[in-house]
Amino acid sequence: MLFRLQLTSVAAAWALGPLAAAHVILESPKPFRFIDYGPTNPLSSTGSDFPCKIPPGATLEPVGEPRVMAIGEEQAVSFSGQAVHGGGSCQFALSGPVSNGSWADYPLKNADWKVFHSIEGGCPARHQKGNLDGPNQDKYSVTIPQGIEPGDYVFSWTWFPRIGGQPEIYQNCAPVTITPAKAKRMSTSDRRELLLERAPYPGLFMANMGEVSGGCTTGEALRNQIPIAFPDPGPSVDRPEGTANLFEQPCDGNPRARKDQNQSEGPAGTSTPPQPSSTPVLGLAPSPSLTTPTDSTPPAVPTTSQVPQSSQTSEPGAVPTSNAGTCIEGHLTCLDDGTHFATCTGGQLTAPQPIAPGFKCRVGSGVGLDISPA
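The shown structure was predicted, so the numbers you read here are calculated from the model rather than taken from an experiment. (Residues numbered from 1 in each chain as written. Predicted model: local features only at pLDDT ≥ 70, side-chain atom pairs only at ≥ 80, totals over all residues. Heavy atoms only, no water.)

### Brief notes about the state of the cysteines
Under the definition given, this model contains four disulfides. The residue that forms a disulfide with Cys90 is Cys123, at a sulfur-sulfur distance of 2.1 Å. Around the S-S axis, the bridge from Cys90 to Cys123 shows a dihedral of about -105° and counts as left-handed. Placement of the pair is Cys90 in strand E5 (residues 88–98) and Cys123 in the loop between strand E6 (114–120) and strand E7 (140–143), with a sequence separation of 33 residues. Taken individually, Cys90 and Cys123 each receive the classification buried, so the pair is uniform in this respect. Each sulfur of the disulfide joining Cys334 and Cys361 lies 1.9 Å from the other. Note on the Cys334 and Cys361 pair: the S-S dihedral is about 80°, so by sign convention the disulfide is right-handed. (Disulfide = S-S within 2.5 Å. Helix = DSSP H or I, 4+ residues; strand = E, 2+ residues; numbered from the N terminus. Buried < 20%, exposed > 50% of the residue type's maximum accessible area, 1.4 Å probe, protein only.)

Listed below in structure tokens is the structure:
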């Protein structure tokens, strides 16, 4: 019995230009102006345009007024683009405050990012085997926590796709203005929740950017086509597709995270948990002393040893070169051996990737792969 892995449907969109047929972009809040080519492309594999897909020497340029977000209120976040790569995992973070709205003067390359919400699996689209056939109807919401000081901030969305030709990281940034929470009477439980919201926020998870991310990649998760569970997702986490099919990401390429990991290593292979810093971070309130509830064990996620590994060894030959007639952006090509496929990205086929053990694909190119038992 055949089943079809449905992926990008871009034939009609291709006629509208490269942006219409390209990958996902943050739609709301509205991103800064993209200076480099390809706003929907991933960040450079060297990390040269990290953060915010801003090349060296360039500055942040808002397009219109910053989005206003009130502390403690749900804020809608939306995306455009059909090439959702089977979803994946996303993080939302803030950096700032930006003094007097001087976006062009903000030291972006040295920015300190604080993650306030993570989505593990199902982002930027839920329950997708591949890409979308039409507009992305999935909506998401985030809440600015009480521990953030009001002011202008750089809002960041990062995405690690579940499916692709190679490990990638996408990032869009947008200007936002954080306003104070509305005054209200708080119960004891509300005050306890407020203290938890002021807990330390983790730094931005970094990978797939070469030396910039310390050589850390999401390659193993990508090979198994499983969304990652972040090493430190922060105090607010959403798992819209459940916890049973998440890959426990073993590394974090953020230099601050690597430093904490090294410091936590004790003698004879033992480790001690890193202690929260009492030094306030710019724009973020220092965390108060509090006793967290004992029932705080996070949901179990599969370790690397629990993920089925392919018994095939890939020895790719010359990857076919593409041209306008044979390689359509986002399309998949089942290669001649019927056990490997490649994705058309940037007008070229990516390196071959193996089909899951026990299955084969029908040789050819299209919006999806025809998969059948081997």
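### Here's the deal with the packing of aromatic side chains
Scanning all chains against the criterion turns up ten aromatic pairs. Relative to Tyr140, the ring of Phe79 has its centre 5.9 Å away and its plane inclined at 70°; by these criteria the two rings are edge-to-face. Taken together, the residues Phe79 in strand E4 (residues 74–80) and Tyr140 in strand E7 connect sequence positions 61 residues apart. With a centroid separation of 6.0 Å and 50° between ring planes, the pair formed by Phe92 and Phe155 is classed as tilted. With Phe92 in strand E5 and Phe155 in strand E8 (residues 151–161), this residue pair connects regions lying 63 residues apart in the sequence. Members of the aromatic cluster, joined through ring pairs, are Phe79, Tyr140, Trp157, Trp159 and Tyr170. (Phe/Tyr/Trp six-rings, centres within 6.5 Å; stacked < 30°, edge-to-face > 60°.)

### Quick look at the pattern of salt bridges
Under the counting rule described, the total for this entry stands at six salt bridges. Among the salt bridges present, the one from Glu120 reaches Arg239, with a minimum N-O distance of 2.8 Å. With Glu120 in strand E6 and Arg239 in the loop between strand E11 (237–238) and strand E12 (247–248), this pair connects stretches of sequence that are 119 residues apart. Overall, the relative accessible area of 23% leaves Arg239 in the partly exposed class. A salt bridge links Arg126 to Asp138; the nearest nitrogen and oxygen atoms lie 3.6 Å apart. One end of the pair, Arg126, is in the loop between E6 and E7; the other, Asp138, is in the loop between E6 and E7, and twelve residues separate them in sequence. (Salt bridge = Lys/Arg side-chain N within 4 Å of Asp/Glu carboxyl O.)

Such coordinate-based values are descriptive only and should not be taken to indicate function.
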